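Spelled out, the chains give:
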Amino acid sequence: MLVIEDLVKTFNTDKGGRLRGAARTRDRARAKGTGANGTGANGTGASGTGASGTGANGTGANANGAAARVRAVDGVSIEVREGELFSFLGPSGCGKTTTLRSVAGLERPDSGEIRVGDTTLFSKGKGRSLNIPVNRRGLGMVFQSYAIWPHMKVFDNVAFPLQVASRNQRPPRNVIRDKVMSVLQVMELADFADRQATKLSGGQQQRLALARALVTEPALLLLDEPLSNLDAKLRESLRFELKRLQQDIGITSIYVTHDQIEALALSSRIAVMKDGQLMQVGTPLEIYQRPANKFVAEFIGTSNFLDGRIVGRAGEQWRLDTPAGPLQVSTGVPVRVGDPVLVAIRPECVTLRAGAPTGREPNEWAGEVVTRGFLGDSVDFVVRVADEELRVRSNPTVIFDAHDEVTAVVDPERVSLVPMS
Ligand SMILES: Nc1ncnc2c1ncn2[C@@H]1O[C@H](COP(=O)(O)OP(=O)(O)O)[C@@H](O)[C@H]1O
Ligand SMILES: [Mg+2]
């Protein structure tokens, strides 16, 4: 359905672009051939925070430092099948957005080819040159910032892409109305059609952005971190709504995220990227169980993953068995008793207490501190629980030493489940 072949996109960071201050000065110096020492020209820029915890990467300028060019996308080839939700996953700055924007027609790659079905959207360096403009690619896009029009009502936000179509392609008013209302229905926004767009909640605004992307019935839906502005709970529920919706309407979709759990939970297949290159392409299970290299293993491994099984209900929560012990979780994920699930617990969602479990609350696991690493604004622990090693991230006032007996307490609201059947 979507084919990307040998895509390359470089940026000349010397022109300013995203680099500021010291980094830009340094790059300029390097471009002139002074002070070239090859220490990650891209040190600031978009890299740096790496919410995933694997640290920033920076795509680094070429080793001899001749010019401050970043290979944001460095020879990417993939095939996305009809109806798939295909994710690009990787740390900040690895080239996900640039790849997506190239498909959208918002970036002009240096070389490579992009095709959707029988239509070539972009080609350069393969004997012909072709670059279809954004508005003629027929793609739907949703980005991290909702990008809804605040001065418009919900209905008008969705109708807009149809209304601005050229005169001979614009549907008649009643057809526009029907199309808009049917998309709003699917998104459960029909009751809000006359409401001002800004008077919607964050989750509703993001559904509105999705409605607007879908109303033109695009051949391909492009999503760039569409959930990352939402709080954890809403993110998890929308994640599954998005997956259900994508499956219901069967639209081929490309999803960009730096969040391993999100990618595992949503995707048919995942491409893990680093420094503009593909590290591995596979199903969530393949990526998790058989990482192709150390980078993938470590990137996926920044959360605690446990193979669990649903064993019952406890009020509003599900009860699970895991190799670390029993667990209760609140989740919007549709599961049933007996289902195998991947239990994902982020290091910052576990708290440590001194001594043995009290038995007064669920999700207390007896453990022993294996190592401690001080990170300045946080402390990382490895805690042995049963036969598992759990990573725990605490604030720096929490002081335990190796061999201390502790209780690890897992917040039932912050456990993610990824169905694995
Ligand atoms: N317009 C630009 N000018 C200069 N460098 C850019 C530009 N856009 C992206 N880059 C660089 O390209 C690399 C990939 O960026 P991006 O595709 O945004 O990564 P991701 O979406 O994975 O975080 C980064 O090093 C980034 O700094
Ligand atoms: Mg990005």
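Our structure is the block above this text.
Attention in this report is confined to the structure presented alongside it. (Residues numbered from 1 in each chain as written. Chains lettered and ligands numbered in written order. Predicted model: local features only at pLDDT ≥ 70, side-chain atom pairs only at ≥ 80, totals over all residues.)

Here's the deal with the overall build of the protein
Stage number 1. Helix and strand content of the protein: nine helices and 21 strands.
Stage number 2. Counting only residues that meet the buried cut, the protein has 41% of its 421 residues in that class.
Stage number 3. If you take every contact in the protein between residues at least 6 apart in sequence, the share linking residues at least 24 apart comes to 67%. (Helix = DSSP H or I, 4+ residues; strand = E, 2+ residues; numbered from the N terminus. Buried ≥ 20, exposed ≤ 12 C-beta atoms within 10 Å, placed from the backbone. Contact = placed C-beta atoms within 7 Å.)

What about the packing of helix α3 (residues 154-163) against helix α4 (residues 173-186)?
Stage number 1. Two elements in contact, α3 and α4, have axes separated by 9 Å at closest approach and are oriented at 130°. Of the possible angle classes, the one that applies to α3 and α4 is oblique. When the axes of α3 and α4 are compared, the crossing they make is right-handed. Together, Phe155, Val158, Ala159, Leu162 and Gln163 of α3 and Ile176, Lys179, Val180, Val183 and Leu184 of α4 make up the contact between the two elements. (Axes fitted to C-alpha atoms, helices over the stretch in contact; angles between N-to-C directions. Parallel < 35°, antiparallel > 145°, perpendicular 65-115°, else oblique. Left-handed = near helix turned anticlockwise from the far one by under 90°.)

Structural notes on the sheet that holds strand β21 (residues 415-419)
As a general point, the strands of a sheet are linked pairwise by backbone hydrogen bonds and lie either parallel or antiparallel.
Stage number 1. Spatial ordering of the open sheet is given by β14-β13-β12-β15-β21, a layout of five strands whose pairing is antiparallel. The sheet is open, and its two borders are formed by β14 (325-329) and β21, each paired with just one other strand. Along the sheet, successive strands turn relative to each other by an average axial angle of 40°, direction set aside.
Stage number 2. Here strand β12 (residues 304-314) runs beside strand β15 (residues 340-345); their pairing, made up of six bridges, is antiparallel. Looking at the pairing, Gly308 lines up with Val341 of β15. (Pairing = 2+ DSSP bridges.)

So, the sheet that holds strand β9 (residues 253-257)
Stage number 1. What the six strands build is an open sheet, ordered β7-β8-β9-β3-β10-β11; its pairing is mixed. Looking at strand neighbours, the two that pair on one side only are β7 (139-142) and β11 (277-282), the edges of this open sheet. Each neighbouring strand pair of the sheet contributes to a mean axis angle of 20°, computed without reference to strand direction.
Stage number 2. Where β7 lies against strand β8 (residues 220-224), four bridges are found, and the strand directions are parallel.

Overview of the pairing of strand β19 (residues 388-394)
When a strand is regular, its side chains alternate between the sheet's two faces.
Stage number 1. Across seven bridges, strand β18 (residues 379-385) lies against β19 in antiparallel orientation. In the strand pairing of β19, Val379 is matched with Ser394.
Stage number 2. Counting the residues in the hairpin turn of β18 and β19 gives two residues, including Ala386, whose phi is positive at 50°.

Considerations on helix α5 (residues 202-214)
Stage number 1. Between its first and last C-alpha atoms α5 spans 19 Å; for 13 residues at 1.5 Å apiece the expected length is 18 Å, and the two agree.
Stage number 2. For α5, the buried fraction is high: ten of the 13 residues fall into the buried class.
Stage number 3. As for α5, its buried residues are in contact with β7, α3, α4, β8 and α6 (232-249). (Expected span 1.5 Å × (residues − 1).)

Considering helix α2 (residues 96-104)
Stage number 1. Of all nine residues making up α2, nine are buried, and the element is well covered by its neighbours.
Stage number 2. Every buried residue belonging to α2 is among Lys96, Thr97, Thr98, Thr99, Leu100, Arg101, Ser102, Val103 and Ala104, and all of these are buried.
Stage number 3. In the segment just after α2, Gly105 is the residue with positive phi, at about 95°.

Notes on the environment of Phe192
Stage number 1. Along the chain, Phe192 falls in the loop between α4 and α5.
Stage number 2. By C-beta crowding, Phe192 is classed as partly exposed, having 19 other C-beta atoms within 10 Å.
Stage number 3. If we skip the residues at most four places from it in the chain, Phe192 touches Val154, Leu200 and Gln204.

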